[in-house]
Amino acid sequence: MKTTHKIIIGDAIEELKKIPTESIELIFADPPYNLSKKNGLGWKYSKHVTMQEEWDMFSKDGYYKFNKEWIKEALRVLKHGGSLWICGSFHNIYQVGFILQQIEDVKINNSIVWFKPNAQPNITCRMFTESTEHLIWASKNGNNQKWTFNYEDTKNLIFDNINPKGKQTRNVWSIALTPKKEKWAGEHPTQKPEELLRRVILACTKPGETVLDPFVGSGTTSVVAKRLGRNSIGIEKEAKYLNIINRRLEQQNL
Ligand SMILES: C[S@@+](CC[C@H](N)C(=O)[O-])C[C@H]1O[C@@H](n2cnc3c(N)ncnc32)[C@H](O)[C@@H]1O
């Protein structure tokens, strides 16, 4: 099936405002988590340094305002019966969940715990090692539309050491950190594993539908959408990632 994949370089809130109301079936958002520090911490046993990205630094009030605004616009462009997935860690996920809980017609269907078996060690050695991220799956209900959940497919498309093949899928997914072979097109500090997107897109959309990612980064959502026969729209503020996105999308033609 021929699909279209549009990349928009610009600010998510401004660009979402230009997208027609109720036109999108799935939004996958991996927003800034507001966890970067001006002076990142280093780890003496590896090259790993904690995040120091400008795009990931907000004041407390500024971050709340930002989350409220982009979520409002994302829900406007979502169709009734569409799904909004938002990624996070403890730094942002409670705030995102709180915002969603206050909006009429929005239902949180699940929160997925993504377990990373090869997570980075804790640099300070003064707390437990963070080895999970959390994804909220919410649907926009209204006009008597039910969200898409390809139940039978999920039984056979998601299997790991927590989810045996052929059984109902649990909300705990074990997926390793993004492997080097997916980073061939260039460096992005928070590139998501393609397997994570595969599960979300296959569970919540039908072929030919449209997936939008307001913070597309290195283009993972668009790349997996293309591979799976879905249309995509990706928005990214930093033009420096465009080359990585285009190269990854082009490879899907091979
Ligand atoms: C957590 S990363 C997303 C990574 C992506 N999921 C991937 O697999 O590559 C967030 C991205 O959002 C971008 N970004 C930050 N603020 C933005 C904004 N206001 N509008 C659009 N993009 C933004 C950053 O440049 C960064 O690439």
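Scope of this entry: the structure provided in the associated data block. (Residues numbered from 1 in each chain as written. Predicted model: local features only at pLDDT ≥ 70, side-chain atom pairs only at ≥ 80, totals over all residues. Heavy atoms only, no water.)

Section: the site of the ligand
In step 1: Ala12, Asp30, Ser218, Thr220 and Glu236 are the nearest of the 22 residues found near the ligand.
In step 2: Contacts to the ligand include Asp30, whose side-chain N or O atom sits 2.8 Å from a nitrogen atom.
In step 3: In the model, an oxygen atom of the ligand is placed 2.5 Å from a nitrogen or oxygen of the Glu236 side chain.
In step 4: When isolated, the ligand has an accessible area of 610 Å², and the protein chains bury 98% of it.
In step 5: Split by residue class, the shell around the ligand holds nine nonpolar, seven polar and six charged. (Near = heavy atom within 4 Å. Polar contact = N/O pair within 3.5 Å; in protein donor to acceptor, adjacent residues only side chain to side chain. Areas by Shrake-Rupley, 256 points an atom, 1.4 Å probe, with all protein chains shown as cover. Nonpolar A, V, L, I, M, F, W, Y, C, P; charged D, E, K, R; others polar.)

Focus: helix 7 (residues 242-251)
An α-helix turns once per 3.6 residues; consequently, residues spaced three or four apart project the same way.
In step 1: Listed in full, the buried residues belonging to helix 7 are Ile244, Ile245, Arg248 and Leu249. Summarising the axial view, the buried residues of helix 7 lie within an arc of 125 degrees, below the 170-degree limit, and thus occupy one face.
In step 2: Elements that come into contact with the buried residues of helix 7 comprise strand 1 (5-9), helix 5 (194-204) and helix 6 (220-227). (Buried < 20%, exposed > 50% of the residue type's maximum accessible area, 1.4 Å probe, protein only. Helix = DSSP H or I, 4+ residues; strand = E, 2+ residues; numbered from the N terminus. Arc of directions from axis to C-beta. Contact = heavy atoms within 4.5 Å.)

As for the side chain of Lys155
In step 1: In this structure, Lys155 sits in helix 4 (residues 151-157).
In step 2: Ignoring anything within four residues of it in the chain, the contact list for Lys155 reads Pro164, Lys165, Gly166, Lys167, Gln168 and Thr169.

Observations regarding the pairing of strand 2 (residues 24-29)
In step 1: By the criterion of burial, strand 2 is predominantly enclosed, with six of the six residues buried.
In step 2: Of the pairings in the sheet, the one linking strand 2 to strand 3 (residues 78-88) comprises five bridges and is parallel in character. By the bridge assignment for strand 3, Ala29 is matched with Ile86. (Pairing = 2+ DSSP bridges.)

As for the nonpolar core
In step 1: Formed by 29 residues in total, the largest nonpolar core has its most connected members in Ile27, Trp70, Ile71, Leu84 and Leu100.
In step 2: At the level of elements, helix 1 (12-16), strand 2, helix 2 (60-77), strand 3, helix 3 (93-101), strand 5 (132-140) and strand 8 (231-236) are the ones that each hand at least two residues to this core.
In step 3: A total of seven residues in this core trace back to one element, the largest contributor, which is helix 2.
In step 4: The residues contacting Ile71, other than those within four sequence positions of it, are Ile86, Val96, Ile99, Leu100 and Ile103.
In step 5: Residues Tyr33, Trp137, Val200 and Cys204 belong to the second largest nonpolar core, which totals 21 residues. (Core = buried A, V, L, I, M, F, W, Y, C linked by side-chain atoms within 4.5 Å.)

So, helix 3
In step 1: Among the residues of helix 3, Ile93, Val96, Gly97, Ile99 and Leu100 are the ones counted as buried. Buried residues along helix 3 cover an arc of 160 degrees about the axis, so they all sit on one side. Projecting away from the buried face of helix 3 at angles above 90 degrees are the exposed residues Tyr94 and Gln101.

Things to note about the sheet that holds strand 4 (residues 106-115)
In step 1: Ordered by their spatial adjacency, eight strands build an open sheet running 1-8-7-2-3-5-4-6, and the pairing between neighbours is mixed. Each edge of the sheet is formed by a strand with only one pairing partner; in this case those strands are strand 1 and strand 6 (172-174). Adjacent strand axes in the sheet meet at a mean angle of 20 degrees, parallel and antiparallel pairs treated alike.
In step 2: As paired elements, strand 4 and strand 5 share nine bridges and run antiparallel to each other. Opposite Ile108, over in strand 5, you have Ala138 as the bridge partner. (Axes fitted to C-alpha atoms, helices over the stretch in contact; angles between N-to-C directions.)

As for the pattern of salt bridges
In step 1: In the structure shown here, the tally under the stated rule is 15 salt bridges.
In step 2: The salt bridge involving Glu133 is made with Lys192; its shortest N-O contact spans 3.3 Å. Of this pair, Glu133 sits in strand 5 while Lys192 sits in the loop between strand 6 and helix 5, and the two are 59 residues apart along the sequence.
In step 3: Overall, the relative accessible area of 7% leaves Lys192 in the buried class. (Salt bridge = Lys/Arg side-chain N within 4 Å of Asp/Glu carboxyl O.)

Looking at the packing of helix 2 against helix 3
In step 1: It is at 10 Å that the axes of helix 2 and helix 3 come closest, and there the two elements cross at 50 degrees. One way to sum up the angle between helix 2 and helix 3 is to call them oblique. Helix 2 and helix 3 meet at a crossing whose hand is right-handed. Touching Tyr63, Tyr64, Asn67, Lys68, Ile71 and Leu75 of helix 2 are Gln95, Val96, Phe98, Ile99 and Leu100, all from helix 3.
In step 2: Residue composition of the contact of helix 2 with helix 3, grouped by class: eight nonpolar, two polar and one charged. (Parallel < 35°, antiparallel > 145°, perpendicular 65-115°, else oblique. Left-handed = near helix turned anticlockwise from the far one by under 90°.)

Thoughts on the packing of aromatic side chains
Two measures describe an aromatic ring pair: the distance that separates the ring centres and the angle between the ring planes.
In step 1: Counting across every chain of the model gives nine aromatic pairs.
In step 2: Between the aromatic rings of Trp85 and Trp137, the centroid separation amounts to 5.7 Å while the plane-to-plane angle is 10 degrees, which identifies the pairing as stacked. Of this pair, Trp85 sits in strand 3 while Trp137 sits in strand 5, and the two are 52 residues apart along the sequence. Trp137 shares its class with Trp85; the two are buried.
In step 3: Taking 6.3 Å as the distance between ring centres and 45 degrees as the angle between the ring planes, the aromatic pair formed by Phe149 and Tyr151 counts as tilted.
In step 4: A network of ring pairs unites the aromatic residues Phe58, Tyr63, Phe66, Trp70 and Phe215 as a single cluster.
In step 5: A cation over a ring is seen here: Lys116 above Trp114, with NZ or CZ 4.9 Å from the ring centre. (Phe/Tyr/Trp six-rings, centres within 6.5 Å; stacked < 30°, edge-to-face > 60°. Lys NZ or Arg CZ within 6 Å of the ring centre and 35° of its normal.)

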